[in-house]
Amino acid sequence: DLLYEADVSLYKKEKKKVNEEITFPEGIHRSIIRSESYFLRKDGTLYSFSNKNSLLSLLKDKRKEIQQFSRKNKLDLRKDRENAFTRIVAYYNSIK
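Residues numbered from 1 in each chain as written. Predicted model: local features only at pLDDT ≥ 70, side-chain atom pairs only at ≥ 80, totals over all residues. Heavy atoms only, no water.

Let us look at the side chain of Ser9. Mapped onto the fold, Ser9 is located in strand β2 (residues 9–23). Residue class for Ser9 comes out buried when judged on its relative accessible area of 0%. A polar contact of 3.0 Å, which involves the side chain of Ser9, links it to the backbone oxygen of Ala6. At 2.8 Å, the side chain of Ser9 and the side chain of Arg41 are in polar contact. Apart from residues lying up to four places away in sequence, Ser9 is in contact with Leu2, Tyr4, Phe39, Leu40 and Arg41. (Helix = DSSP H or I, 4+ residues; strand = E, 2+ residues; numbered from the N terminus. Buried < 20%, exposed > 50% of the residue type's maximum accessible area, 1.4 Å probe, protein only. Polar contact = N/O pair within 3.5 Å; in protein donor to acceptor, adjacent residues only side chain to side chain. Contact = heavy atoms within 4.5 Å.)

Right, let's talk about the pattern of salt bridges for a bit. In the structure shown here, the tally under the stated rule is six salt bridges. Here Glu14 ties to Lys12 by a salt bridge, and the two come within 4.0 Å at their closest N and O atoms. The class of Glu14 is partly exposed, set by a relative accessible area of 39%. Judged by relative accessible area, Lys12 falls into the buried class, the value being 8%. Lys12 is the salt-bridge partner of Glu36, the closest N and O atoms lying 3.4 Å from each other. One end of the pair, Glu36, is in strand β3 (residues 27–42); the other, Lys12, is in strand β2, and 24 residues separate them in sequence. Overall, Glu36 belongs to the partly exposed group, its relative accessible area being 37%. When salt bridges that share partners are traced, they join Lys12, Glu14, Arg34, Glu36 and Glu82 into one network. (Salt bridge = Lys/Arg side-chain N within 4 Å of Asp/Glu carboxyl O.)

Relative to the helices and strands, Ser70 resides in helix α2 (residues 63–72). Judged by its relative accessible area of 5%, Ser70 falls in the buried class.

Right, let's talk about the nonpolar core for a bit. Counting residues in each nonpolar core, the largest one holds 18 residues, and the members touching the most others are Leu40, Phe49, Leu55, Leu59 and Phe85. Of all the elements in the fold, those that place two or more residues in this core are β3, α1 (52–58), α2 and α3 (81–95). Per-element accounting of this core gives the leading share, five residues, to α3. Setting aside anything within four residues of it in sequence, one finds Phe49 in contact with Leu10, Tyr38, Phe39, Leu40, Ser54, Leu55, Leu58 and Phe85. (Core = buried A, V, L, I, M, F, W, Y, C linked by side-chain atoms within 4.5 Å.)

So, in structure tokens, the structure goes:
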């Protein structure tokens, strides 16, 4: 999914996997395992990243400004990772 489009764009890929276990006497137990992957398109190349530090290393030319922006806006990657990444990439494009 495209989350943000500009010179530097942000993408997200979600995977869902159904895990089934057969136990006796309970029967079949199913659980769904979700995973998210994030990608940055910069200069025509896709880069995968998983956390704020790996994103900052991809945007290293404005690292200090992005860190200040994150602190000032209290971006919380634990609670709302997608929104935080989107705001960081949008900010990067605005100051680039």
